[in-house]
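Chain by chain, the residues:
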Number of protein chains: 2
Amino acid sequence: MNLKELASRLGLSPTTVSRALNGYPEVNEATRERVMAAAKRHNYHPNTRAIRLATGRAMAIGHVIPVATRHEIVNPVFADFIAGAGETYSRNDYDMVLSVVPDDQEEAAYRSLKSKGNVDGVIVHAPKMDDPRIALLHDVGLPFVVHGRATGTTLPYSWLDVNNRRAFQRATEFLLDLGHTRIALVNGLEFMDFAIRRRTGYVDALTARGIAPDPALMASDEMTEIAGYRAARAMLLRAHRPTAFLVASMISGMGVRRALEEAGLQMGRDISVIIHDDDLSYMKNGDAVPIFTATRSSVRDAGRLAAEMLLDIIATPNPVPQQRLLEAELIMGQSTGPCPRP
Amino acid sequence: MNLKELASRLGLSPTTVSRALNGYPEVNEATRERVMAAAKRHNYHPNTRAIRLATGRAMAIGHVIPVATRHEIVNPVFADFIAGAGETYSRNDYDMVLSVVPDDQEEAAYRSLKSKGNVDGVIVHAPKMDDPRIALLHDVGLPFVVHGRATGTTLPYSWLDVNNRRAFQRATEFLLDLGHTRIALVNGLEFMDFAIRRRTGYVDALTARGIAPDPALMASDEMTEIAGYRAARAMLLRAHRPTAFLVASMISGMGVRRALEEAGLQMGRDISVIIHDDDLSYMKNGDAVPIFTATRSSVRDAGRLAAEMLLDIIATPNPVPQQRLLEAELIMGQSTGPCPRP
DNA sequence: AATCGCCTTCAAACCGCTTTGGATGCCGCA
DNA sequence: TGCGGCATCCAAAGCGGTTTGAAGGCGATT
C-alpha cells in the first residue's frame, strides 16, 4: 500500500492525501479525517526511503565508533549513552545509525556519512585534546554535538559535558577534610579530555591546601578492572602507601577494591575510595546504600540531552553553538572514612 | 556533485556513468576508467537515499533495543555484540540502525521497521522461552537472525548460539572432578533461554553423578554485580555453605567475589568459582593468567558471525534457515581448586 | 452582474539514482 | 552487398514520496 494507491482508493490526488497526513492547513477537515481513517484502515505507512529522497533529509543521526586499537569506545559507558540518545531519537522519529570503523578510518567515515547523505548530524564521542574531528566536521558541514569538550580547540562548537574538574576537586576536598593527605588518583587515559580535567580538579584541590601532588600517586590507564587493580596494587606496595583513592570509574573501582582486599585492607575503615559513577544500568553502585562514595552523573541522561541538543540544532535554520555543563553530585557510600591515625 | 552533473561533464548519459561505476559489463573499459577517474577527481559519492529508493533496498540492518523495565538489553554484552556486528556491516556497506523503544512497543517497532522500509532485516536479541517475536517476524516477512535460541518455538528460523548447556555441564563436571559436591549456581534470569539451558547443563551434570540439585543453591536474577553479591552472600550464610560457585557472567562474578572476600574466603583455595566469560573488551578476565576459571566464548565474534549470516540470508533469493552452534572453551584461571577437606 | 479572494483540490515537476528497451555503429561472414 | 551479432551508449520510465503552480467552486463585495 503506497500513497498513490491510497489516493486512488479515496478518489483523491496524492497531493491532497500527502498534505492531509502531514497536517498541512490547505485541506478540508472532513477530508483529512477521511484520509486519516483510510490510512489507518489500510495500514498505510509512508515509505521512509521515498520521504528521505523527496525531502533531502536523512532523518537519522550517526554515531561513529572506532575500534580495533588501544582505546576502544565500545564500553559500558558508551552503551548507556546510546540508550539515552536512542530514546530521544525514537521519540522524534529519527533513526540512530552506528558506524563501527577501524580507527584509522574514522575521518573517512565522517566524510562518507556526509557525502552519501546517510545522516543529518553526528554525535562526537570521547573527545581528546585538540581533537581534529571538530575542525573536520566544521568544514565538511555536518552538524554535530560533542559529548565532552576538546581543550585546545578554538573553533566554536556545541557540546554537553559533565563538570569533571569540579567533581574531582570536590571529591579531593572531601578526602582532605577527612584528614587524608596521601590521596592517589587512578585516572583514565590522559589524552582523553575528561581525564585531563579530572586531574586538574584533583591537583588544584591538593595545591590549594598546600599539598604537592605526588607523581607516584597518579596513574593513568584504560578504565578497566585489570588496569585499576594494577595501579592500586603498585601504589599499595610502596613504602608510603596512600590512605585514599580517587578512581575514574565503577569498573576501575572494582579492580582497586580487589587490590585492597588482596592487601587485607578494609574499604571505609583502613582506606578510603571515591569513584566516579556514570550510573550505568548494569553496573549500579549499590542501591539503597552505595558501595562506593562517588561523584555521580548519569551518562544515560547525558545521551538523552545531547541528542535533544543535536536535533534542535538540525531543526534550526541558522543555529548558534550550544553548550551545557552538567554538575555531578557527590554521594556518600561506605567506602570513605576518616584517615586512620598511624 | 550528483550523477547527472558528473555525466554531463563527461559528455555521457547518466545510464552509462551509473553502469561504469557499478561494474556492469556493457561499458567500454576505456570509458569506465575515464568515469572512475572523474568520479574520484570530483569526489563523487552516490546519494544513499536515492540508491535506496531506486533499488528498493534499505542497505541497513535493524537492532531493536527494548528499555525501561526490569530486564534491559542495554548491557556490556550487548555493546560488544554490536561492535562485532557493526564491523560486518561496515565491510559490506550496510548501515546499522538501532531502535531504542519502550519494551511494550517492541512489537510495533518491528512492524514499523518493516512497513516503513527502514531496514532489510533485523537481529533478534535475548530470546526468551516461546519468544513471540519469531512468529511475528515470520508473518511480517522481515528477514532475521536470532542471537540465541527460543525453546518452545516450532517455526524454523535462523539462529546463532553458544552451546550453553554443554558449557555449564562441562564446568560442573570439572568442579565435581575436583571433589566439590555442594556447587551453587548463580544464574541469569531464567525466562531467558540461555539461562534455562545453562541450568539444564548444571542439573544434568549433577544428576549424572547421583547428586540431587539443591534448590537452595540455585539463584536466578539479573546479571549485575549487586545481584551476584546478594545471591552469593545468602548462600554463604547457610549452615551448609557451598564449596563452589558457577556464575553466569563476569559482572555477577565480581559480586560473588565481593561476597566471598567479605566472608573471609579465598578464591581458589577455600572456595572455587567458575564464571561464563563473554570476553568483553572492557571486562577482560585477566590477561596472561585469567582471574576466573571460565567457560569462554567471544560475544563479539558472535556478533560478527550473526551479522554475516543475516546478510547472507538477505542476499539469497530463497533462503533456507541457517543454524550455527558455537562451543565455549573451558579456560583455567586462579579461582578453582580441589575441594578442601573439612 | 461582475469581480475578488478564499478554500480546496489537482497535475506535474522533482529528489538522484537504477534499469528497461531500444538505437547506433562496426565487424565478420555468407 | 546485405545482414546478423556484438559492443556501446542513451532516452525514458520508474522508485514513492513532497512541493510548486494553477485551477475550480463559491460566497462576499461593489
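In what follows, the structure referred to is the one given above.
Throughout what follows, the structure given in this document is the object of discussion. Please read all numbers here as calculations on a predicted model, not as lab measurements.

**What about the packing of helix α10 (residues 225–236) of chain B against helix α11 (residues 250–262) of chain B?**
All names here are of chain B.
- At a minimum axis distance of 7 Å, the contact between α10 and α11 shows a crossing angle of 40°. The orientation of α10 relative to α11 falls into the category oblique. Like other packed secondary-structure pairs, α10 and α11 cross with a definite hand, here right-handed. Two secondary-structure elements touch here, α10 through Glu 225, Ile 226, Gly 228, Tyr 229, Ala 232, Arg 233 and Leu 236 and α11 through Ile 251, Ser 252, Met 254, Gly 255, Val 256, Arg 258, Ala 259, Leu 260 and Glu 262.
- Looking at the contact of α10 with α11, its residues break down into nine nonpolar, three polar and four charged.

**Overview of the protein's contact with DNA strand D**
- Around DNA strand D sit 26 residues, and of these Leu 3, Ser 18 and Arg 19 of chain A together with Thr 15 and Arg 19 of chain B come closest.
- Here the atoms of DNA strand D within 4 Å of the protein split so that 56% fall in sugar or phosphate, with bases taking the remainder.
- Tyr 44 of chain A places a side-chain nitrogen or oxygen 3.0 Å from a sugar or linking oxygen of DNA strand D.
- Take Ser 13 of chain B: an N or O atom from its main chain is 2.9 Å from a phosphate oxygen of DNA strand D.
- Going through the elements one at a time, α2 (14–21) and α4 (48–55) of chain A together with α2 (14–21) and α4 (48–55) of chain B are the ones with two or more residues in the surface near DNA strand D.
- Looking at the surface near DNA strand D, the element that brings in the most residues is α4 of chain A, giving four residues.
- Residue classes in the surface near DNA strand D are distributed as eleven nonpolar, twelve polar and three charged.

**Points about unusual backbone geometry**
Residue and element names in this part refer to chain A.
- At Asp 93, a residue that is not glycine, the phi angle is positive and equals roughly 60°.
- With respect to the secondary-structure elements, Asp 93 resides in the loop between α5 (76–91) and β2 (95–102).
- Its relative accessible area of 54% is what places Asp 93 among the exposed residues.
- A positive phi angle, close to 50°, is found at Ala 126, a residue other than glycine.
- Its place among the elements puts Ala 126 in the loop between β3 (121–124) and α7 (132–140).

**A closer look at the pairing of strand β4 (residues 144–147) of chain B**
Residues and elements named next belong to chain B.
- Side-chain alternation along β4 places Phe 144 and Val 146 on one buried face and Val 145 and His 147 on a second face that is also buried.
- As paired elements, strand β3 (residues 121–124) and β4 share three bridges and run parallel to each other. Residue pairing across strands places Val 122 opposite Phe 144, the latter belonging to β4.
- Regarding the hand of the β-α-β motif, the stretch spanning β3, helix α7 (residues 132–140) and β4 is right-handed.
- Relative to strand β5 (residues 159–162), β4 runs parallel, the two being bridged by two bridges.

Quick notes on the rules
- Residues numbered from 1 in each chain as written.
- Chains lettered and ligands numbered in written order.
- Predicted model: local features only at pLDDT ≥ 70, side-chain atom pairs only at ≥ 80, totals over all residues.
- Heavy atoms only, no water.
- Axes fitted to C-alpha atoms, helices over the stretch in contact; angles between N-to-C directions.
- Helix = DSSP H or I, 4+ residues; strand = E, 2+ residues; numbered from the N terminus.
- Parallel < 35°, antiparallel > 145°, perpendicular 65-115°, else oblique.
- Left-handed = near helix turned anticlockwise from the far one by under 90°.
- Contact = heavy atoms within 4.5 Å.
- Nonpolar A, V, L, I, M, F, W, Y, C, P; charged D, E, K, R; others polar.
- Near = heavy atom within 4 Å.
- Polar contact = N/O pair within 3.5 Å; in protein donor to acceptor, adjacent residues only side chain to side chain.
- Buried < 20%, exposed > 50% of the residue type's maximum accessible area, 1.4 Å probe, protein only.
- Pairing = 2+ DSSP bridges.
- Right-handed = clockwise from strand over helix to strand, strands pointing away.

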